[in-house]
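# Notes for the structure review
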Amino acid sequence: MDLADVALLTSAPGRLLLGTLPDYDPALALKLSQGLRERGIDPKLVAAALTQARLRAKAKPKFGPFTDGLLLTEAGAQQATRLTVAAHHAARYRAAGISHVIDLTCGIGADALALAGLGLNVTAVELDPVTAAVAGANLARFPGTKVIQGDALELDLAHLMAPPDGVQAAFADPSRRTTQGGRTFDPAAYSPPLDRLLELRQRLPLGVKVAPGLAHQHIPEDMEAEWTSVDGDVVEAALWSGPLRRTAAPKAALVIGHGQTHRLAEDGTPRLTTGPLQAYLYEPDGAVIRAGLLQQAAATLGRSATPTLISPRIAYITAAAAAPANPFLTGFAVKDSFGFQLKRLKSYLRERRVGRLEILKRGTAVEPAELRRRLDLTGPEAATIVLTKLGETQSVLVVERLHSQP
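None of these values were measured; they are calculated from a predicted model.

## Structural notes on the packing of aromatic side chains
Taken as a whole, this structure holds 3 aromatic pairs when the rule is applied. Pairing Phe-338 with Tyr-348 gives two aromatic rings, centres 5.0 Å apart and planes at 45 degrees, and the pair type is tilted. Taken together, the residues span a long stretch of sequence, with Phe-338 in strand β13 (residues 329-339) and Tyr-348 in helix α13 (residues 342-351) at a distance of 10 residues. Of the two residues, Phe-338 and Tyr-348, neither departs from the other in class, the shared state being buried. Following the ring pairs from residue to residue traces out a cluster consisting of Tyr-93, Phe-171 and Trp-240. Arg-176 extends its terminal NZ or CZ atom over the ring of Tyr-190, reaching a point 6.0 Å from the ring centre. In this structure, Arg-352 packs its charged tip against the face of Tyr-348, placed 3.6 Å from the ring centre.

## What about unusual backbone geometry?
The amide bond that connects Pro-163 to the next residue, Pro-164, takes the cis arrangement and shows omega of 10 degrees. In this structure, Asp-231 takes a positive phi of about 50 degrees despite not being glycine. Looking at the element boundaries, Asp-231 is found in the loop between β6 (223-230) and β7 (233-241). A relative accessible area of 59% means that Asp-231 is categorised as exposed.

## Considering the layout of surface pockets
Here the largest pocket is characterised by a volume of approximately 1300 Å³. Listed by contribution, the elements that provide at least two residues to the lining of the largest pocket are α4 (43-63), α5 (74-79), α7 (110-117), β2 (121-126), β5 (206-210) and β7. For the lining of the largest pocket, the residue count by class is 21 nonpolar, 14 polar and 15 charged. The volume enclosed by the second largest pocket comes to roughly 460 Å³. Lining the second largest pocket are 22 residues, with Gly-232, His-258, Asp-285, Pro-327 and Thr-330 sitting closest to its centre. Tallying contributions element by element places strand β8 (residues 251-257) first for the lining of the second largest pocket, with 3 residues. Here the lining of the second largest pocket is built from residues that sort into 7 nonpolar, 10 polar and 5 charged.

## Considering the nonpolar core
The biggest cluster of nonpolar side chains holds 48 residues, and the ones touching the most others in it are Ile-102, Leu-104, Val-210, Leu-239, Tyr-282, Val-288 and Leu-301. With residues near it in sequence (within four places) discarded, Leu-239 still touches Leu-198, Leu-206, Gly-207, Val-208, Val-210, Leu-214, Ile-219, Pro-220, Met-223, Glu-224 and Ala-225. Grouped together as the second largest cluster of nonpolar side chains are 45 residues, Leu-36, Ala-86, Ala-124 and Ala-169 included.

## Considerations on the pairing of strand β9 (residues 260-265)
Of the strand pairs in this sheet, β8 and β9 are connected by 6 bridges, and their pairing is antiparallel. What sits directly across from Ala-252, in β9, is Ala-265. Between β8 and the antiparallel strand that follows it, β9, lie 2 residues; His-258 among them carries a positive phi value of about 55 degrees.

## A word on the environment of Asp-186
Mapped onto the fold, Asp-186 is located in the loop between β4 (169-172) and α10 (194-198). According to the relative accessible area criterion, Asp-186 is partly exposed, its value standing at 40%. Each C-alpha atom of the pair Asp-186 and Thr-81 lies 20 Å from the other, and the pair is 105 residues apart in sequence. Engagement of the side chain of Asp-186 in a polar contact is seen with the backbone nitrogen of Ala-188, the distance being 3.0 Å.

Cut-off values and rules
- Residues numbered from 1 in each chain as written.
- Predicted model: local features only at pLDDT ≥ 70, side-chain atom pairs only at ≥ 80, totals over all residues.
- Heavy atoms only, no water.
- Phe/Tyr/Trp six-rings, centres within 6.5 Å; stacked < 30°, edge-to-face > 60°.
- Helix = DSSP H or I, 4+ residues; strand = E, 2+ residues; numbered from the N terminus.
- Buried < 20%, exposed > 50% of the residue type's maximum accessible area, 1.4 Å probe, protein only.
- Lys NZ or Arg CZ within 6 Å of the ring centre and 35° of its normal.
- 1 Å grid on protein atoms, 1.4 Å probe; cavity = no way out; pocket = protein on both sides within 12 Å on 5 of 7 lines; lining within 4 Å.
- Points joined across faces, edges and corners; volume = space filled by probe spheres on them.
- Nonpolar A, V, L, I, M, F, W, Y, C, P; charged D, E, K, R; others polar.
- Core = buried A, V, L, I, M, F, W, Y, C linked by side-chain atoms within 4.5 Å.
- Contact = heavy atoms within 4.5 Å.
- Pairing = 2+ DSSP bridges.
- Polar contact = N/O pair within 3.5 Å; in protein donor to acceptor, adjacent residues only side chain to side chain.

So, in structure tokens, the structure goes:
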């Protein structure tokens, strides 16, 4: 996409065409394109509109019912915050009494849209001219927003903060991709670099979206770090300063799924000890693991469950009792366990006529797809196994999911 495409798509004919296109079907795209051109529609507009239809179909899980009203770029759609998560970001600013936010790296405008949707004024900044134009189109419906094309770190922030209606807080979602399109895990390689963004918290309350794998050593002591999962997938971590912090706890996990949101924060709960395998196994949500909140999650099982870790460096919790549905833990009843040997496992499954096998793993190099191929399973029964360590022993746990899980 280029600036000419944005101009075409935001013109009256462009908006009309986008509003009348059917749901994208790659098998019919060529025929549809030919038909539109035969009707005299500008071929460049047809190509741009069909690209938008393809991107919107791909982005539907991220943006939901709002997708059809957005202009998208390939990279922008991939990197943008899911709107369900962006809504939680925006809620922090409103709860802090902030009325004007500067989004320093707005991309196509997902977080800015969530902020504006809650009635906040937004100044959105984007370095790339095309992406800035797309963000401007997406935010045009909100009178309290404006988009600045430029380098966020070169802005005259003092001027933008001037009362009575100046910026009161900042948000940033720095790019974490290399020039080749891959992901970078080095905060110094973010664009802008993380340390440069964090300096701004001395002037404004600040929220910064970071990679979920950010090492805890990079988290400033005066900021809250929150990891977020959506439907079991860890999608981000974010750092929050000043009044944007929800609690004094330095680390938290936000678990979103099944139409509900649950939050777990660091507290004084004693660290878990390691113990033998018990009757139940619990797998913590990925956000809980990233935040290092295993002991807090285990505490939700109740003291009578006597939860422990199965191994010092593996995030599986074992307990003596089953617990009610828990958003932070997926529970399994342990049916059997033995040391991992391919021949023994193969014999065990064949004796039980297992043809469908769910393989979970943690703390092992075994690849489930390769293992399944080598097992050569046949039979009408289904089973679930966990490949992990008990203490220091590579083991197989035969388990059954607890039906009470959410």
